[in-house]
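Now for the letters of each chain:
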Amino acid sequence: MVARYFAHVDTWVFDLDNTLYPPSADLFGRMDTRFATYVTRLTGLDRDRALKLCAEYWDHYGSTLVGLIEHHDVDPHHFLADVHDIDISHLEEDPQLIAAIRALPGRRIVYTNGSENHAKRVLAARGLTRVFDAAYGVEQADFKPKPTHDAFATIFAKDGVITQNGAMFEDEARNLAVPHAMGMRTVHVHAVRDAADHIHHHTDDLPGFLSQLVR
């Protein structure tokens, strides 16, 4: 039974995008449009080259934002407000997910590379606001992004997370390496299984997986 691997867990950390809502919602597709427009305006590049630059920064730094700060002196607050100004009215509440997360014993938090405001908007749209004890955005990590150690260490210190008693749920496999090294139980939430050593569990059905952890 998978529940035995989580019997010690008292802090449950969830990524936001493509983890607490299905990838089919395509929020990243909507954000990509705003990314391209922002970077085009900033650099003078055409849309395709702007998106390529965003992808290069994401690959190298773990976040497009960090690349823009490093190379273009971007105001991170302005950037985040702009790219997250998207329509999310198509997101719906998921009663099974709400019930499954609410049933988890202990503290439940969200940690995203997006902004805190983006997290709060998405959680409200999904009916998850009151299910979580806190939501942290990249601002609270001093704009250091996952998957860097400093980013996780900053957030976990602020929340008082004892990592040996924690579990991390993420759609990005690379973002689970540091939590694993810190002693957390790691769950990859994705349609495609990743065999990386730093992933303990895999699921493409988060409500179903969580429902197995509480008896």
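Now for a description of the structure that goes with this document. Only a predicted model underlies this, so the values are computations on that prediction, with no experimental measurement involved.

Considerations on the pairing of strand β5 (residues 185–189)
So, step 1. Burial within β5 is extensive, with five of its five residues counted as buried.
So, step 2. Sheet topology places strand β4 (residues 166–170) next to β5; four bridges connect them, and they run parallel. Considered in β5, the bridge of Ala167 is made with Arg185.
So, step 3. Sheet analysis places β5 next to strand β6 (residues 201–203), joined by three bridges and oriented parallel. Residue pairing in the sheet places His188 in a bridge with His202 of β6.

So, helix α3 (residues 64–72)
So, step 1. For α3, every residue scored as buried is listed here: Thr64, Leu65, Val66, Gly67 and Leu68.
So, step 2. Lining the buried residues of α3 we find α1 (27–43), α2 (47–61) and α4 (76–83).
So, step 3. Between the side-chain oxygen of the N-cap and the backbone nitrogen of Leu65 there are 3.1 Å, and the N-cap of α3 in question is Ser63.
So, step 4. A positive phi of about 55 degrees marks Asp73, the residue just after α3.

A look at the packing of α1 against α4
So, step 1. It is at 9 Å that the axes of α1 and α4 come closest, and there the two elements cross at 135 degrees. Of the possible angle classes, the one that applies to α1 and α4 is oblique. Along its contact with α1, which presents Met31, Arg34, Phe35, Tyr38 and Arg41, the element α4 presents His78, Phe79, Asp82 and Val83.
So, step 2. Considered class by class, the residues forming the contact of α1 with α4 number five nonpolar, one polar and three charged.

Describing the side chain of His118
So, step 1. As for its placement among the helices and strands, His118 is situated in helix α6 (residues 116–125).
So, step 2. Setting aside its immediate chain neighbours within four residues, His118 contacts Leu16, Asp17, Leu27, Met31 and His84.

The rules behind these values
- Residues numbered from 1 in each chain as written.
- Predicted model: local features only at pLDDT ≥ 70, side-chain atom pairs only at ≥ 80, totals over all residues.
- Heavy atoms only, no water.
- Buried < 20%, exposed > 50% of the residue type's maximum accessible area, 1.4 Å probe, protein only.
- Helix = DSSP H or I, 4+ residues; strand = E, 2+ residues; numbered from the N terminus.
- Pairing = 2+ DSSP bridges.
- Contact = heavy atoms within 4.5 Å.
- Polar contact = N/O pair within 3.5 Å; in protein donor to acceptor, adjacent residues only side chain to side chain.
- Axes fitted to C-alpha atoms, helices over the stretch in contact; angles between N-to-C directions.
- Parallel < 35°, antiparallel > 145°, perpendicular 65-115°, else oblique.
- Nonpolar A, V, L, I, M, F, W, Y, C, P; charged D, E, K, R; others polar.

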